[in-house]
Amino acid sequence: QVQLVESGGGLVQAGGSLRLSCAASGLTFSNYAMGWFRQAPGKEFEFIARVSWSGGTTNYSDSVKGRFTISRDNAKNTVSLQMDSLKPEDTAVYYCAASKSYSSMHLPHYEMDYWGKGTLVTVSS
C-alpha cells in the first residue's frame, strides 16, 4: 500500500520559514517525480513545485519562485519543501504527490498517481 505522509506544517508569522517533509512508502520512490500542491480556503487547487526522479530538475509556480525550494532524498524516500519569506497568502493545506510523469504534473487537473493527506500551514500577518 502506497503512503505519502506530510509533516512540518504549523503556524508561523509572516516573513518566517517552515520546512515541510513528505515520507513515502510502498512504492519505488526513485521511479516517481514528486510535487507539492496547495489549496487555500475558498481557492482552487494550485501546483507549486515539482522535482524530477533524480532531483536534478525542479520547477516552481510564479507565486513561490525564489521563496520555496523543493528537494528530495531518494535514500530516505523523502521529499521536502523549504518555505522562506512566508506571506499570509501562503496559508493553505499543502499536499505532496507522486507521478511517473514529471513533464505534465504541473498542468491543471493532471491526475497524479498518489497523494498525501495534507498538512496545514497558517501564516499570520
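Structure's up top.
Residues numbered from 1 in each chain as written. Predicted model: local features only at pLDDT ≥ 70, side-chain atom pairs only at ≥ 80, totals over all residues. Heavy atoms only, no water.

**Brief notes about the pairing of strand β8 (residues 78–83)**
Here strand β3 (residues 18–25) pairs with β8 via six bridges, running antiparallel. The residue bridging Arg19 from the neighbouring strand is Gln82, located in β8. Of the strand pairs in this sheet, strand β7 (residues 68–73) and β8 are connected by six bridges, and their pairing is antiparallel. The partner of Arg72 across the bridge, within β8, is Val79. Where β7 folds back onto β8 in an antiparallel hairpin, the turn is made up of four residues, including Asn77, whose phi is positive at roughly 55°. (Pairing = 2+ DSSP bridges. Helix = DSSP H or I, 4+ residues; strand = E, 2+ residues; numbered from the N terminus.)

**Concerning the layout of surface pockets**
Estimates place the volume of the largest pocket at around 250 Å³. Sort the elements by how many residues they give to the lining of the largest pocket and strand β5 (residues 45–51) lands first, with three residues. Of the residues belonging to the lining of the largest pocket, the class tally is eight nonpolar, two polar and two charged. (1 Å grid on protein atoms, 1.4 Å probe; cavity = no way out; pocket = protein on both sides within 12 Å on 5 of 7 lines; lining within 4 Å. Points joined across faces, edges and corners; volume = space filled by probe spheres on them. Nonpolar A, V, L, I, M, F, W, Y, C, P; charged D, E, K, R; others polar.)

**Details of the side chain of Arg50**
In this structure, Arg50 sits in strand β5. No salt bridge is formed by the buried Arg50; the nearest opposite charge belongs to Asp62, separated by 11 Å. Among the polar contacts made by the side chain of Arg50, one reaches the main-chain carbonyl oxygen of Ser103 at a distance of 3.4 Å. Those residues in contact with Arg50, other than ones at most four positions away along the chain, are Met34, Gly35, Thr57, Thr58, Asn59, Ile70, Tyr102, Ser103, Ser104, Met105 and His106. (Buried < 20%, exposed > 50% of the residue type's maximum accessible area, 1.4 Å probe, protein only. Lys, Arg positive; Asp, Glu negative; His and termini not counted. Salt bridge = Lys/Arg side-chain N within 4 Å of Asp/Glu carboxyl O. Polar contact = N/O pair within 3.5 Å; in protein donor to acceptor, adjacent residues only side chain to side chain. Contact = heavy atoms within 4.5 Å.)

**Some details on the environment of Gly116**
Position of Gly116 among the secondary structure elements: in the loop between β10 (114–115) and β11 (119–124). The exposure class of Gly116 is buried, given its relative accessible area of 9%. Between the C-alpha atom of Gly116 and that of Thr57, which follows or precedes it by 59 residues, the distance is 22 Å. In contact with Gly116, other than residues within four places in its own chain, are Leu4, Glu6, Tyr95 and Cys96.

**Concerning the state of the cysteines**
Going through the model one piece at a time under the given rule, you end up with one disulfide. Disulfide partner of Cys22: Cys96, at an S-S distance of 2.0 Å. Here Cys22 and Cys96 share a disulfide; its torsion about the S-S bond, 40°, makes the bridge right-handed. One end of the pair, Cys22, is in strand β3; the other, Cys96, is in strand β9 (residues 92–99), and 74 residues separate them in sequence. With relative accessibility at 1%, the residue Cys22 sits in the buried group. Residue Cys96 is classed as buried on the basis of its relative accessible area of 0%. (Disulfide = S-S within 2.5 Å.)

**Brief notes about the pattern of salt bridges**
Across all of its chains, the model carries four salt bridges by this definition. For the salt bridge of Lys65 with Asp62, the shortest nitrogen-to-oxygen distance reads 3.3 Å. Of the charged contacts, one joins Asp90 and Arg67 as a salt bridge, the two residues approaching to 2.7 Å between their closest N and O atoms. Within this pair, whereas Asp90 is found in the loop between β8 and β9, its partner Arg67 is found in the loop between β6 (58–60) and β7, the two being separated by 23 residues in sequence. The same class applies to Asp90 as to Arg67, namely buried. Members of the salt-bridge network, linked through shared partners, are Arg38, Glu46, Arg67 and Asp90.

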